[in-house]
Amino acid sequence: MSDDAAVPAAGPSAAEPPGAPVALSVVIPAYNEERRLGPTLDAVTAYLDENEARFGAWEVVVADDGSTDGTGALVTARHDRRIRLVAADRNRGKGHALRLGVLATRGRRVLVTDADLATPIEELDRLDEAIGEGEAAAIGSRAVPGASIGSHQHRVRELLGRAGNLLIRRVAVPGIRDTQCGFKLFDGDSARSAFAASRLNGWGIDVEVLQHFHRAGRPVAEVPVRWSHRSGSKVGPLDYGRVLAELARLKARSARPADLLAGAAFLLMAVALYSGRFFDPAHRYLPDSMQDQNQWEWFFAVAADSVAHLHNPLFTDLQGFPDGVNLMANTVMLGLSAPFAPVTLAFGPAAALSLCMTLGLAATAAAWYWLIVKRVVRHRGAAFTGAALAAFAPPMVSHANAHPNFVILFVIPLIIDRVLRLCEGVRVRRDGIVLGLLTAYQVFLGEEPLLLASLGLVLFAAAYALVRRDVAKAAWRPLLRGLLIGAAVCLPLVAYPLYWQFAGAQSYGSVLHGDNAGNSPLALLAFAERSLFAGDAQRAGALSLNPTEQNAFYGWPLLLLALGIVVRLWEHALVKALAVTAAGAAVLSLGQKIRLPLTDWVYPGPWALLARLPLFESVIEGRVAMICAPALGMLLALALARLAKSRSLGTFYTGLLAVALALLPLVPAPLKAVDRVPVPEFIAAGLWKPYVHDGETLVPVPLPDPGAAEALHWQTAAHLGFKLPGGYFNGPWGPDRIGIYGASPRNTSDLLRDVRYTGVVPAIDGDRRAQARQDFAYWHAGVLVLAPQPNDGALRTAVTRLVGRPGKWTGGVWVWDLHERSLPARTEQTLAAPTTLP
């Protein structure tokens, strides 16, 4: 028997010969329903017999989904050819059974009802009235006014059902509140067409069929009905997950091929950018990240450790011991590092960070693509080009070395779309709630990108309001109401984490970057270091703070092209607003003082108005230029969409050539990657464990700081088995608790740091040794560890003099066990070990 084989039931002749059309077909899917099906058939046939004058000739088709009990025999025993059985050869799911049943019908209308008759057959009257008014389908609903529920399901199942219906409305059938009520009346031909086109075999077929009606433009009425929960439901806990999987299949099938191709292209672009590290993240390092890769891997490791051991995710003393680190005041990205905890625990923080940054960059591009298609242009090629510029612009590529919080921005386009929805004033409460949830999530991805996005939205809104006063007048009330609703939703979710960030342990006031962290005007015109065709590391380095802070570098060809686009399309309000947004962000990014190139003239910049405000005082103002990327991407998409409609081949090809010449210098080369320095055997093999007792720390020499944080990699390689003093993080310093990078300095940490950079060992007398003993005690030091590094000979000499005895070479490092009694300095020469580090 074939997979879709159906077995007809035998029985005596009825009023209609086989194959004759009937007015109404009733389809009942059944799986092991021997106990419940009999009363259901009695109720259905009795009602249809009594109302034959209204509903006409009828049939009942029982679709047996491979039952193993007497369900099939119960149907054939009826000996009524108006009651037919179609049976699958094995159990495949409700969707498969319904497809068999509906395709076997002959009715001008088709009613689908569950075997438990949770909705009484008498409710057919309501559906019949609705479909008689010109609808292609009328579906019973428990979620519209007028519906009544006699016996409720378990509370958990009700909540899961409501959440599922909300998700279904979002991804498949907007406007329908209850897709899963098993009582639906269809136009017969439309039903057979929809079920024939269906592919799902599970519970998701209801959604698939309604989606078919929605796309075909066939109206569906949602009708309130009576409903009562019946015991013996075949819906198990795992079925909710299966429905989600089927929804995902529906969503994937509904996507346009161009959209899928765009998503795949964005992913390939992200993998190509990270190709130097992506395929071997544990042994490859991005040198342009400086020490940030070590820091971010540590962030992912500590977040996973907090999840695994239910520790406070907002604080740790694994580095910066004994004071610790306020994780909320650092960019730990709990919104991703916590969900990625299983990946981190299974494959290590290097793999988790690499995967997260690659997927996050691709997701950011896809989100901009979605927003551009929805709000700017429908042309997929134009939208792809604009989104690629927004996500892979030079500032994004620069931050891709080290700053996932500035690379993983997929929530920002969603926030922008929700703000625009609020301006439409249609579903203000719902959109306000969603905006609040999205904003709360973005807080746990990165607060500075959220602040910059808000600044960009303010620039755009102000410009658009000036151009379209009528739109602004109609939009401000629903927008304000929605923002208040969003704040009411967001604040309770982030209140405690923000309190911890600004008032908790190791919180700080602000991180001051000086008054020269803005872009040079030349940085807007120059090409980035990572440009595949026009990169100049020396030129880019002279115009930026460091390789990860090349925050502009859009290049003069793109800026000329953007100017041409603005002039050509100036009549459009959107173009004017985007132009003001890009230009305003570029000017703000120049900082508090703007020096005219090739002159000594310095003028105050508009950023000076914001620089001392709370939150803004910690922003590196050069990063404001990142706002230009999506604005330029949308301008480019508008221009390409206009070009696509051009009837002049000369205009079309000239425009494409201009776009190509502007974008070619922005194509990034893969990020530089080098072999990673191996973790010393002393750490990797666990040789450190006898030296670090409970409550003690392992002290690298010199202490880890923002300039040398390889010890954080040691710590993650040791699965966070020991704690470290010092470190690379943002923390407070001094009585004013000003934010600094790294731990508060101490005399011994300063001394060792100076020796590392200069190679000069200062005079070490009794006072310095006494201070060192105090610092070791403050750090709870169990062992000092010196690995091979520049000026390691001078560092070894300095530590030997501070401790009063030589170190021991073991596991590829020098160690000083601080549990041993101090030895006279002269014994250093008797130690059987190399006099210089290998």
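Preceding block: the structure.
All of these numbers come straight from a predicted model, not from anything done at the bench.

A.B. asks: What's the story with the packing of aromatic side chains in this structure? I'm lost.
C.D. replies: Centre-to-centre distance and the angle between the planes together describe a pair of aromatic rings. Taken as a whole and assessed by the stated rule, the structure comprises 19 aromatic pairs. Ring centres of Trp296 and Phe299 lie 5.3 Å apart, and the angle between their planes is 90 degrees; on these two criteria the pair is classed as edge-to-face. Of this pair, Trp296 and Phe299 both sit in helix H12 (residues 292–309), three residues apart, roughly one helical turn. Each ring, one from Phe460 and one from Tyr464, has its centre 5.8 Å from the other, and the planes form 20 degrees; the classification is stacked. With Phe460 and Tyr464 both in helix H20 (residues 447–467) and four residues apart, the pair spans about one turn of that helix. Overall, Tyr464 belongs to the partly exposed group, its relative accessible area being 23%. Arg142 extends its terminal NZ or CZ atom over the ring of Trp227, reaching a point 4.8 Å from the ring centre. Here the guanidinium or amino end of Arg218 rests over the ring plane of Phe213, the centre of that ring lying 6.0 Å away.

A.B. asks: Explain the sheet that holds strand E16 (residues 697–700) to me, please; I cannot follow it from the model alone.
C.D. replies: Within a sheet, neighbouring strands are paired by backbone hydrogen bonds and run either parallel or antiparallel to one another. Strand order in this open sheet of four strands is E16-E19-E21-E20, and the pairing throughout is mixed. Every interior strand has two partners, whereas the edge strands, E16 and strand E20 (808–810), have only one. Within the sheet, the average angular offset between the axes of one strand and its neighbour, ignoring direction, is 35 degrees. As defined by bridge partners, strand E19 (residues 781–786) adjoins strand E21 (residues 813–817) across four bridges and the pair is classed as antiparallel. Bridge assignment links Leu786 to a residue of E21, and that residue is Trp814.

A.B. asks: Is there a simple way to explain the sheet that holds strand E1 (residues 22–30) in this structure?
C.D. replies: What the seven strands build is an open sheet, ordered E3-E2-E1-E4-E7-E5-E8; its pairing is mixed. If you trace the sheet from one side to the other, it starts and ends with strand E3 (83–87) and strand E8 (220–224), each paired once. Pairs of neighbouring strands in the sheet enclose a mean axial angle of 20 degrees, with direction left out of account. Bridging between E1 and strand E4 (residues 107–113) involves five bridges; their strand directions are parallel. The residue bridging Val22 from the neighbouring strand is Gly107, located in E4. Against the sheet, helix H5 (residues 124–131) engages E1, E4, strand E5 (137–141), strand E7 (183–187) and E8, with an angle of about 30 degrees to E7.

A.B. asks: Even after reading the chapter, I still don't get the nonpolar core, so can you show me in this structure?
C.D. replies: Among soluble globular proteins, nonpolar side chains are generally buried collectively. Counting 152 residues, the largest nonpolar core has Phe266, Val377, Leu558, Trp607, Phe682, Leu698 and Phe722 as the members making the most contacts within it. The biggest single contributor to this core is helix H26 (residues 628–644), with 13 residues. Leu558 has contacts with Leu389, Leu632, Ala662, Leu663 and Leu666, leaving out every residue within four places of it along the chain. Formed by 33 residues, the second largest nonpolar core is a distinct cluster that contains Ala30, Ile83, Leu111 and Leu185.

A.B. asks: When you look at a nonpolar patch on the surface in this model, what are you seeing that I'm missing?
C.D. replies: On the surface, a nonpolar cluster with roughly 530 Å² of combined accessible area is contributed by Leu525, Trp556, Leu560, Leu563 and Val567. The element best represented in the nonpolar patch is helix H24 (residues 556–568), accounting for four residues.

Cut-offs applied
All residue numbers here refer to positions counted from 1 along the written sequence of the relevant chain. Note on the predicted model: pLDDT of at least 70 is required for a residue's local features to be given, and 80 or more for side-chain atom pairs to be given and counted; whole-chain, interface and lining totals, by contrast, use all residues. Side-chain measures were taken over the full set of non-hydrogen atoms in the model, leaving aside hydrogen atoms and water. Between 30 and 60 degrees the pair is tilted, below 30 it is stacked and above 60 it is edge-to-face, where a pair is any two Phe, Tyr or Trp rings, Trp via its six-membered ring, whose centres lie within 6.5 Å. Strands are runs of DSSP state E lasting at least 2 residues, helices are runs of H or I lasting at least 4, and numbering of each runs from the N terminus. We call a residue buried when its accessible area falls under 20% of the maximum for its residue type, exposed when it is over 50%, and partly exposed in between, using a 1.4 Å probe and counting protein chains only. Placement of a charge over a ring requires the Lys NZ or Arg CZ to be within 6 Å of the ring centre, with the centre-to-atom vector within 35 degrees of the ring normal. The rule for pairing is simple: two strands pair if DSSP sees at least two bridges between them. The convention used is that axes are lines fitted to C-alpha atoms, helices contributing only their stretch in contact, and that angles between N-to-C directions extend from 0 to 180 degrees. Any two residues whose heavy atoms approach within 4.5 Å are treated as being in contact. As used in this record, nonpolar core signifies buried Ala, Val, Leu, Ile, Met, Phe, Trp, Tyr and Cys residues forming a set joined through side-chain atoms within 4.5 Å. Patch membership is restricted to residues that have no salt bridge and whose relative accessible area is over 30%. Joining uses 9 Å for like charges and 5 Å for the nonpolar side chains Val, Leu, Ile, Met, Phe, Trp and Tyr. The method behind every accessible area is Shrake-Rupley, applied with a 1.4 Å probe, and residues are considered shielded solely by the protein chains displayed. Note on definitions: salt bridges are taken to be side-chain nitrogens of Lys or Arg within 4 Å of carboxyl oxygens of Asp or Glu.

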